[in-house]
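# Structural overview for review
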Amino acid sequence: MRISVETKIYAVIGDPIGQSLSPQLHNGLFKANAVDALYLPIAVKSEDLKKLLDGFRLMNFGGFNITKPHKMEIIEYLDRLDPLAEKIGAVNTVVYQDKQMIGYNTDGFGFIKSIEEKISEIPKERLTILILGCGGAVKSVAMALADWGIKKVIIANRTAAKAEALVKLINKSWPGKAEAISMAPEALKKAVDAAAVVVNGTSVGMADSALQSPLAKALLKKELLVYDMIYSPPVTQLLKDAKEIGAQTQNGLDMLLYQGLLAFELWTGIFPDPSAGKKLLEENSEENSEGNSEQKLLKEGIK
């Protein structure tokens, strides 16, 4: 690509940042859509966040992504927030426009976009989704689902108090949309029976627990869409079990894709071809994930 003084700059900031797949995704999409822009990975410590953003304001910056550990801390340095990002209390995308930095959170709606086609026959007003775990992206996904208007989101977590705190926060803005349950088999069975989608937002199934599943195979049913936020390995034990009983399955790569596509649209007004974006991620995910497990799980909201 040809770099000039007119080239718009975008970035992903975090600490560490070397594992990020976003540069490959966005630079590829800029090229495919003939957008004169460049996307950079920038490592930054918490104590330097303000100085970095002050520098962005002096440059031809169009926006940036934020990954761990800065998604909450970044808020104090922004000019304003999208209403949903304000409720979530975390930002993963910033648009710099008219000398204002505006914060958004695309994680939750990235999840929704990734399942829309597979659940298209179910009216969202009748849709119940069970989420296992209580990490950062679970919060974003659960709140986005409540905002989207599904019937109910059920949160199951080993530490019941964390699930109850998240549910209380959700119900404050969307009354009656969320419910907390324990991980006891009888509670999980009741929730699975009520749900059309079951989501793993825990770390169970990653490399150090590759043969484990967060949910007993006996509790699964073929009518489910079973979704694992983990995308490396691409097929976890939970997804293997679900496939064996005939359920639909999906890993977290599409959530990673769609949260990125939504950020791209916020910056450029263009919603890219998802198949082109997925190809870019698939070409780079194996190489970028070697030796680093942090980006493999979307429970913290991966970039």
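Our subject in this report is the structure included herewith. Every value quoted in this text rests on a predicted model; they were computed, and no experiment measured them. (Residues numbered from 1 in each chain as written. Predicted model: local features only at pLDDT ≥ 70, side-chain atom pairs only at ≥ 80, totals over all residues. Heavy atoms only, no water.)

### Quick look at helix H1 (residues 22–32)
What counts, and what does not: Partly exposed describes any residue whose relative accessible area lies between the buried limit of under 20% and the exposed limit of over 50%, with all areas from a 1.4 Å probe on protein chains only and scaled to the type maximum. Helix and strand assignments follow DSSP, with helices taken as H or I runs no shorter than four residues and strands as E runs no shorter than two, numbered in order from the N terminus. In this description, one arc is meant: the one made by directions from the helix axis to the C-beta atoms.
All of the buried residues along H1 are Ser22, Pro23, Leu25, His26, Leu29 and Phe30. Buried residues of H1 fall within an arc of 165° about the axis and therefore sit on the same side. Structural note: H1 exposes Lys31 and Ala32 on the side pointing more than 90 degrees away from its buried face. Directly beyond the C-terminal end of H1, a positive phi value near 55° is found at Ala34.

### Quick word on the nonpolar core
To keep things clear, this is the line we draw: Put simply, buried Ala, Val, Leu, Ile, Met, Phe, Trp, Tyr and Cys residues joined by side-chain atoms within 4.5 Å make one nonpolar core. Here a residue-residue contact requires only that any non-hydrogen atoms of the pair lie within 4.5 Å.
Ranked by size, the top nonpolar core spans 35 residues in total, and within it Phe111, Ile129, Ile131, Leu145 and Ile155 carry the most contacts. At the level of secondary structure, the elements contributing two or more residues to this core comprise helix H3 (83–88), helix H4 (107–115), strand S7 (128–132), helix H5 (136–148), strand S8 (152–156), helix H6 (160–173), strand S10 (197–200) and strand S11 (225–228). The element that contributes the greatest number of residues to this core is H5, accounting for nine residues. Each residue touching Ile155, except ones within four places of it in the same chain, is listed here: Ile131, Gly133, Cys134, Val138, Ala142, Ala163, Leu166, Val167, Glu179, Ala180 and Ile181. By size, the runner-up hydrophobic cluster in this structure holds 21 residues, among which are Tyr10, Leu25, Phe30 and Trp267.

### Here's the deal with the sheet that holds S7
Keep this limit in mind: Here, a strand pair is defined by DSSP locating no fewer than two bridges between the strands. Orientation is described by lines fitted to C-alpha atoms, with helices fitted over the stretch in contact, and by angles between N-to-C directions that extend from 0 to 180 degrees.
Sheet architecture is open: six strands sit in the order S9-S8-S7-S10-S11-S12, paired in parallel fashion. For this open sheet the edge positions go to strand S9 (178–181) and strand S12 (248–250), each flanked by a neighbour on one side alone. Adjacent strand axes in the sheet meet at a mean angle of 20° when their direction is disregarded. The pairing of S10 with S11 spans four bridges and is classified as parallel. The residue of S11 that forms the bridge with Val198 is Val226. Here H6 sits on the sheet and contacts S8 and S9; the angle it forms with S9, its principal contact strand, is near 170°. Across the face of the sheet, helix H7 (residues 185–194) comes into contact with S7, S8, S9 and S10 while running at roughly 140° to S7.

### Focus: the environment of Asn92
We apply this condition: N or O atoms within 3.5 Å of each other form a polar contact, as long as, within protein, one can give a hydrogen and the other can take it, and as long as residues adjacent in sequence are counted only when both atoms are side-chain atoms.
Counting through the fold element by element, Asn92 comes out in the loop between H3 and strand S5 (93–97). A polar atom in the side chain of Asn92 sits 3.2 Å from the side chain of Thr93. Within the local environment of Asn92, its side chain forms a polar contact with the side chain of Gln259, the two groups lying 3.4 Å apart.

### Re the sheet that holds strand S4 (residues 80–81)
The strand order S2-S1-S3-S5-S6-S4 describes an open sheet built from six strands, whose pairing is mixed. With one partner strand each, in any of the chains shown, strand S2 (37–43) and S4 form the two edges of the open sheet. Contacting strand S1 (8–14), S2, strand S3 (61–66), S5 and strand S6 (100–104), helix H2 (residues 49–57) crosses the sheet at an angle of about 170° to S1. Contacts from helix H9 (residues 253–268) reach S1, S2, S3, S5 and S6 within the one sheet, and its direction differs from that of S5 by about 10°.

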